[in-house]
Amino acid sequence: MPSEILKEEIAKARSEFQQNKSSDIPDDKAFSYVLLTYFFDVENFDDKYDCVTDGANDGGVDFLYFNDEESKLFICQSKYTENISYGDIRNEFDKICDTINNFRKSHTGAYNENLKRTLQNFLDRLPDDELDNIEIAFFTSADIKDT
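Note that the structure is a prediction, hence the values are computed from the model and not measured.

## Considering helix α5 (residues 113–125)
And then number 1: The end-to-end C-alpha distance of α5 is 18 Å, a good match for the 18 Å that 13 residues give at a rise of 1.5 Å each.
And then number 2: Listed in full, the buried residues belonging to α5 are Asn114, Leu115, Lys116, Thr118, Leu119, Phe122 and Leu123.
And then number 3: Its buried side turned inward, α5 meets α3 (45–51), β1 (63–67), β2 (72–79), α4 (86–104) and β3 (134–140).
And then number 4: Two or three places before Asn114, at the opening of α5, Asn112 has a side-chain oxygen 3.2 Å from that residue's backbone nitrogen.

As structure tokens, this is what we get:
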């Protein structure tokens, strides 16, 4: 069960989105905005908006972050849920790895426009040893209870 603090931050993210885009987002998408704020120190709404790729045909990528100082790309999946299994998490990592491989081969037709634009932009900014500079992160609000 998500904590009250997390629920408050989700509500703040939804409110910020409503103020900036005059529409609403579900809690699971707002979770990505909270993570960008607190884990990656992204304060500007437009910067967060550009990083969130969650939606249909997102290849398992809910949001991206590029650290300019380290030339490092963070590819992130976020699950705002009460329950999740290790198998679910493994499947999400597999999906993200498939997405990265498809982008490296220029097989991007199946992905949403926001993911294509943002991920390709960040991949283009990586140095030549790109695989060492990509980190995949999985965030969840769930208690993981599988053994």
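## Here we look at the pattern of salt bridges
And then number 1: In total, this model carries nine salt bridges according to the counting rule given.
And then number 2: With its nearest N and O atoms 3.5 Å apart, the salt bridge here joins Lys7 to Glu4. In this pair, Lys7 and Glu4 both sit in helix α1 (residues 4–21), three residues apart, roughly one turn of the helix.
And then number 3: By relative accessible area, Glu4 is classed as exposed at 53%.
And then number 4: A salt bridge links Arg14 to Asp24; the shortest N-O distance between them is 2.5 Å. Of this pair, Arg14 sits in helix α1 while Asp24 sits in the loop between α1 and α2 (27–40), and the two are 10 residues apart along the sequence.
And then number 5: Given the relative accessible area of 42%, Asp24 is considered partly exposed.
And then number 6: By sharing partners, the salt bridges in this structure join Arg14, Asp24 and Asp27 into a single network.

Calculation notes
Residues numbered from 1 in each chain as written. Predicted model: local features only at pLDDT ≥ 70, side-chain atom pairs only at ≥ 80, totals over all residues. Heavy atoms only, no water. Helix = DSSP H or I, 4+ residues; strand = E, 2+ residues; numbered from the N terminus. Expected span 1.5 Å × (residues − 1). Buried < 20%, exposed > 50% of the residue type's maximum accessible area, 1.4 Å probe, protein only. Contact = heavy atoms within 4.5 Å. Polar contact = N/O pair within 3.5 Å; in protein donor to acceptor, adjacent residues only side chain to side chain. Salt bridge = Lys/Arg side-chain N within 4 Å of Asp/Glu carboxyl O.

Functional significance is not addressed by these values, which are geometric in nature.
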